[in-house]
Amino acid sequence: MKPTFIPLTEPDLGEPEIEAVTNVLRRKWLSMGEVTFEFERRFAEKMGVKYAFAVTNCTAALHLAYVVAGIRSGDEVICPALSFVATANAALYAGGEVILAGVTSPSDLTVSADEIEALITPRTKVITVMHYGGFACDMDRIMSIASAHALTVIEDCAHAPFAQYVSRSGKRQFVGTIGHTGCFSFFANKNLTTGEGGMITTNDDEAARQLRLLRAHGMTQLTYDRHRGHASSYDVTMLGYNYRMDEIRSAIGLCQLDKLDEMHCRRRDVFRWYAQELEGCPSITLPFVDRDLEAATPHILEVLVDADGDRVREDLRSEGIQTSRHYQFLSEFSAFRGVRSGAMSISSKHLITLPLGPLMTREQVRVVCHALVRSCQRHQTQNHSSPADLTCSVVDRS
Ligand SMILES: *Cc1c(COP(=O)(O)O)cnc(C)c1O
């Protein structure tokens, strides 16, 4: 019998992407040009946002977001502590000082609005939110806190391309259109992938004017314009960067955009299967299970286990199941030692990322959940007065 291997995630790439890449190579224009502009147009149109600029990756998008927010040395940026390090690193590139806010609750791993509010000082300039796992942050509250203190909001949408925020009044808005800028990642494991890649969105005309320049060295004309004979000289008007996207990756992006809705349907199915399998397991918490799943773009499947997470991950690995942890709190990394932080309210030791992707099957979810439940029973930490508390329907159904 073939041993089980269930990868953490696997991208859905096929003939359309292969053909699109080949077409770009045949046309021989590789650097930023028509395909990239088409990718930006289609992305912006689908999102209903005024501007979208393709960039090399989401870290670059975040860097530019902090630059156009006007971050200067000594300005404080409140970032989610439970995020990828890029969210905070990009603020440091711009000269900001990072302050870390904890999560809302064990069942909602987005950044806590209460924490954000408590961490504001006269030096605070920006609030960065991250729509964790494809589930929107509490944007009504965060935007009202920001407006009360005249702060800029940056949305890290790396997990959430075309996720919607549903406000208390029932209004739906795409994340990345609510704050000043939205930053998207097309890294290999993201919901829409181009290998490496990113996009920055905004409705602000002045931010857009700067972003167009900042992504290409502050130059007033692109290589592409000169190639087309539209211009022969250019000016450099500000300190910019080389954060351009290229045609090969934009061609992949266009194919991925075409099937993104369908891939999200499949990711939602996988989330639902996990919810069914793990329902009634007292030692396992599945965050966001009460959210409107149709508004979300499930990116990672994070659970909190009432057990030593490292031991559980080791058990799963030995059964051929790849796992991860999203994330260690940034405050736990040595580079962030001494950074001012709020309360974390959960321990990252209990977090485990289970496999999730558009190609995952019902059977694979069943296998993962059975292994998880068995392992949690073996390594439970505390609190359960009798072993019976840990028995779970998922085991009985096998
Ligand atoms: C992946 C990721 C990034 C960085 O994206 P890159 O495209 O790899 O630069 C930033 N923030 C979060 C939350 C991410 O998951």
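I will try to describe carefully the structure that is included in this document.

Definitions and limits used
- Residues numbered from 1 in each chain as written.
- Predicted model: local features only at pLDDT ≥ 70, side-chain atom pairs only at ≥ 80, totals over all residues.
- Heavy atoms only, no water.
- Helix = DSSP H or I, 4+ residues; strand = E, 2+ residues; numbered from the N terminus.
- Rg over C-alpha atoms; globule rule 2.2 N^0.38 Å.
- Buried < 20%, exposed > 50% of the residue type's maximum accessible area, 1.4 Å probe, protein only.
- Areas by Shrake-Rupley, 256 points an atom, 1.4 Å probe, with all protein chains shown as cover.
- Lys, Arg positive; Asp, Glu negative; His and termini not counted.
- Charge placed at Lys NZ, Arg CZ, Asp CG, Glu CD.
- 1 Å grid on protein atoms, 1.4 Å probe; cavity = no way out; pocket = protein on both sides within 12 Å on 5 of 7 lines; lining within 4 Å.
- Points joined across faces, edges and corners; volume = space filled by probe spheres on them.
- Nonpolar A, V, L, I, M, F, W, Y, C, P; charged D, E, K, R; others polar.
- Domains from an automatic or database assignment.
- Pairing = 2+ DSSP bridges.
- Axes fitted to C-alpha atoms, helices over the stretch in contact; angles between N-to-C directions.
- Contact = heavy atoms within 4.5 Å.
- Parallel < 35°, antiparallel > 145°, perpendicular 65-115°, else oblique.
- Left-handed = near helix turned anticlockwise from the far one by under 90°.
- Near = heavy atom within 4 Å.
- Polar contact = N/O pair within 3.5 Å; in protein donor to acceptor, adjacent residues only side chain to side chain.
- Sits in = over half its atoms within 2 Å of the grid points.

In this section: the overall build of the protein chain. Each helix and strand counted, the protein chain has 13 helices and 14 strands in total. Whereas a compact globule of 398 residues would reach a radius of gyration of roughly 21 Å, the protein chain reaches 22 Å, a difference of no more than 12%. Going through the 398 residues of the protein chain one by one, you find that 56% of them count as buried. About 16,800 Å² of surface is accessible on the protein chain, with carbon and sulfur atoms providing 50% of the total. Taking the average place of the 41 positive charges on the side chains of the protein chain and the average place of its 48 negative ones, the gap between the two points comes to 4 Å.

So, on to empty space enclosed by the protein. For the structure shown, the criterion picks out 3 cavities of 30 Å³ or more. The space that makes up the largest cavity amounts to roughly 80 Å³. Residue composition of the lining of the largest cavity, grouped by class: 4 nonpolar, 5 polar and 4 charged. Residue contributions to the lining of the largest cavity reach at least three from each of two domains, namely domain 1 (15–258) and domain 2 (261–390). Looking at the second largest cavity, the residues that line it are Y132, G133, F135, F271, L286, P287, F288, I300, L301 and E302. A per-class count over the lining of the second largest cavity returns 8 nonpolar, 1 polar and 1 charged. Of the residues that make up the lining of the second largest cavity, three or more belong to each of domain 1 (15–258) and domain 2 (261–390).

Looking along a regular strand, one sees side chains alternate from face to face of the sheet. Taking burial as the measure, the 5 residues of strand β11 (residues 198–202) include 5 buried ones, the bulk of the element. The side-chain alternation of β11 yields two buried faces, one formed by G198, I200 and T202 and the other by M199 and T201. Where strand β1 (residues 51–55) and β11 come together, 5 bridges link them in antiparallel fashion. Residue F53 lies in a different strand from β11, and its bridge partner there is I200.

Approximately 450 Å³ is the volume found for the largest pocket. Lining the largest pocket are 27 residues, with F84, S185, F187, N189 and K190 sitting closest to its centre. Secondary-structure elements contributing two or more residues to the lining of the largest pocket are α3 (58–68), α4 (85–93) and β14 (351–354). Residue composition of the lining of the largest pocket, by class: 12 nonpolar, 12 polar and 3 charged. For the second largest pocket, the calculated volume is near 310 Å³. Along its surface, the second largest pocket is lined by 18 residues, and F37, E40, F53, R212 and R215 are the ones closest to its centre. Secondary-structure elements contributing two or more residues to the lining of the second largest pocket are α2 (34–47), β1 and α7 (205–214).

The strands making up a sheet are joined through hydrogen bonds of the backbone, oriented either antiparallel or parallel. In spatial order, the strands read β1-β11-β10-β7-β6-β2-β3; together these 7 strands make up an open sheet with mixed pairing. Each end of this open sheet is capped by a strand with a single partner; those strands are β1 and β3 (97–101). Direction aside, the axes of adjacent strands within the sheet are offset by 20 degrees on average. Note: strand β6 (residues 124–130) against strand β7 (residues 152–156), 5 bridges, orientation parallel. In the strand pairing of β7, I127 is matched with V153. Contacting β1, β10 (181–185) and β11, α2 runs over the sheet at an angle of about 135 degrees to β1. Lying on the sheet, α4 is in contact with β2 (76–80), β3, β6 and β7; it crosses β2 at an angle near 170 degrees.

A separate point is unusual backbone geometry. Residue Y327 is bonded to the preceding H326 through a cis peptide linkage, with omega at 10 degrees. Mapped onto the fold, Y327 is located in the loop between α11 (309–318) and β14. Non-glycine residue K28 carries a positive phi angle of around 65 degrees. By the element assignment, K28 lies in the loop between α1 (15–27) and α2.

Contact geometry for α3 and α7: axes closest at 10 Å, N-to-C directions at 130 degrees. It follows from the interaxial angle that α3 and α7 lie oblique. Between α3 and α7 the crossing geometry is right-handed. Contact with α3, carried on its side by L64, V67 and V68, involves A207, Q210, L211 and L214 of α7 and no other residues of that element. Its residues placed into classes, the contact of α3 with α7 shows 6 nonpolar, 1 polar and no charged.

Further remarks concern the site of the ligand. Looking at the ligand, there are 16 residues lining it, with C58, T59, D156, S185 and K190 nearest. Between the ligand and T59 there is a distance of 2.5 Å, counted from an oxygen atom to a side-chain nitrogen or oxygen. Within the side chain of S185, a nitrogen or oxygen atom sits 2.7 Å from an oxygen atom of the ligand. With respect to the detected pockets, the ligand is housed in the largest pocket. Of all the secondary-structure elements, those providing two or more residues to the shell around the ligand are α3 and α4. Across the shell around the ligand, the residue classes break down as 7 nonpolar, 7 polar and 2 charged.

Turning next to the packing of α2 against helix α9 (residues 247–258). Close contact between α2 and α9 brings their axes to 8 Å; oriented N to C, the two are set at 30 degrees. Classified by the interaxial angle, the pair formed by α2 and α9 is roughly parallel. Taken as a pair, α2 and α9 cross one another with a handedness that is left-handed. Residue-level inspection shows E34, V35, T36, E38, F39, R42, F43 and K46 of α2 in contact with α9, the latter providing E247, S250, A251, G253, L254, L257 and D258. Residue composition of the contact of α2 with α9, by class: 6 nonpolar, 3 polar and 6 charged.

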